[in-house]
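Read off the chains here:
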Amino acid sequence: GGELVGIAPFYISLRRPFGIPVRILRLLGSDEVCSEYLDVIASHDHVERVITALAHHLTHPPHEWDVLHLTDLPERSVAERVVRQVTDDLGCHYEEQAHTTNPFLCLPGTEAAYLASLTHNRRSSIKRKQNKLDREHSHSYYAVRDGHDLRPAFQAFVDLHQSLWKSRGLPGMFKRQRFVDFHSRIAERFAANDCLRLFFLEVGGHP
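## Considerations on the overall build of the protein chain
No. 1: Summing up its helical and strand segments, the protein chain has 6 helices and 7 strands in all.
No. 2: Ordering the α and β elements of the protein chain from the N terminus gives β-β-β-β-α-β-α-α-α-β-α-α-β.
No. 3: Over its C-alpha trace the protein chain gives a radius of gyration of 23 Å, far above what one expects of a compact globule, namely 17 Å for 207 residues.
No. 4: If one aligns the C-alpha atoms of the protein chain with their principal axes, the spans along those axes are about 70 × 40 × 35 Å.
No. 5: Relative to its 207 residues, the protein chain shows a buried fraction of 25%.
No. 6: A separation threshold of at least 6 residues defines the contact pool for the protein chain, and within that pool the share at least 24 residues apart is 63%.

Dropping the structure here:
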């Protein structure tokens, strides 16, 4: 009825294993960017209709893909349900692998409440380290949240990331300039819409 209820942001990449052309259907954001999760976008009121319509599109000729390869899906994702429906309809092989884990902490609303939730030994350890930092270094915390300071702050973030991974003998995510440029543009757009924060701890004048 003219209402947008779902988006399947797919693209097709062509690979030639052993010289045989294979069309691989993937979600935008696979490999080249740092999306934490990827998925089909569906209105909460129309999830089942989106799954049914998308599965029907993928399983009926003309087939534009040979392999459906979806990565970085959250648990209970819409895309996973689409894959299950597609494999049921086509009777093809489906394999699921655990790829990565994104841990998180549920923090209380204030610093005081957080400290109160810790053991006495843990609180004492934090206090000792804070005192040592205060004695031995000039330091500050700050957040970058607007376009004026964003570019040097974003470059500092990239440099810190690359320095860490190079110290481990690994290339890091920002090894390609195209990758850096893309995320820099995204960061600028997010900052312009008040959707980005870069928090820094600066010690001795260095982030």
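## Side note on the side chain of His 161
No. 1: Tracing the backbone through its elements, the reader meets His 161 in helix H5 (residues 147-167).
No. 2: Not counting the four nearest positions on each side in its chain, His 161 is found in contact with Gly 172, Met 173 and Phe 174.

## Re the nonpolar core
No. 1: Val 40, Leu 58, Val 78, Val 82 and Val 86 are the most contacted members of the largest nonpolar core, which totals 17 residues.
No. 2: With 6 residues, helix H1 (residues 47-59) is the single largest residue contributor to this core.
No. 3: Contact partners of Leu 58, with chain neighbours within four places excluded, come to Phe 10, Leu 25, His 63, Trp 65, Val 82 and Val 86.
No. 4: Ranked by size, the runner-up nonpolar core spans 14 residues in total, among them Val 144, Ala 156, Leu 196 and Phe 200.

## Observations concerning the packing of aromatic side chains
No. 1: Counted according to the given criterion, the structure contains 5 aromatic pairs.
No. 2: Ring plane angle 15° and centroid distance 5.4 Å describe the contact between Tyr 142 and Phe 200, whose orientation is recorded as stacked. Taken together, the residues span a long stretch of sequence, with Tyr 142 in strand E6 (residues 139-144) and Phe 200 in strand E7 (residues 198-203) at a distance of 58 residues.
No. 3: Of the residues examined, Tyr 142 reaches a relative accessible area of 31% and is grouped as partly exposed.
No. 4: Looking at Phe 200, the relative accessible area reads 8%, which means it is buried.
No. 5: Here the aromatic rings of Phe 157 and Phe 174 are separated by 5.8 Å at their centres, their planes lie at 80°, and the arrangement is edge-to-face.

## Remarks on the pairing of strand E2 (residues 10-15)
No. 1: In this sheet, strand E3 (residues 22-27) lies alongside E2 in antiparallel orientation, the contact comprising 6 bridges. The residue of E3 that forms the bridge with Arg 15 is Val 22.
No. 2: Following E2, the chain reverses through 6 residues before pairing antiparallel with E3; Phe 18 in that reversal takes a positive phi of roughly 55°.

## Structural notes on the pattern of salt bridges
Oppositely charged side chains may form a pair once their charged atoms are brought near each other.
No. 1: Scanning the entire structure with this criterion turns up 7 salt bridges.
No. 2: Here Arg 81 makes a salt bridge to Glu 48, at a shortest N to O gap of 2.3 Å. Taken together, the residues span a long stretch of sequence, with Arg 81 in helix H2 (residues 78-90) and Glu 48 in helix H1 at a distance of 33 residues.
No. 3: Glu 48 sits in the partly exposed class, given a relative accessible area of 47%.
No. 4: The salt bridge partner of Arg 197 is Asp 194, with a shortest N-O separation of 3.2 Å.
No. 5: By relative accessible area, Arg 197 is classed as partly exposed at 33%.
No. 6: Here the residues in one salt-bridge network are Glu 80, Arg 84 and Glu 96, joined through shared partners.

About the cut-offs
Residues numbered from 1 in each chain as written. Predicted model: local features only at pLDDT ≥ 70, side-chain atom pairs only at ≥ 80, totals over all residues. Heavy atoms only, no water. Helix = DSSP H or I, 4+ residues; strand = E, 2+ residues; numbered from the N terminus. Rg over C-alpha atoms; globule rule 2.2 N^0.38 Å. Buried < 20%, exposed > 50% of the residue type's maximum accessible area, 1.4 Å probe, protein only. Contact = heavy atoms within 4.5 Å. Core = buried A, V, L, I, M, F, W, Y, C linked by side-chain atoms within 4.5 Å. Phe/Tyr/Trp six-rings, centres within 6.5 Å; stacked < 30°, edge-to-face > 60°. Pairing = 2+ DSSP bridges. Salt bridge = Lys/Arg side-chain N within 4 Å of Asp/Glu carboxyl O.

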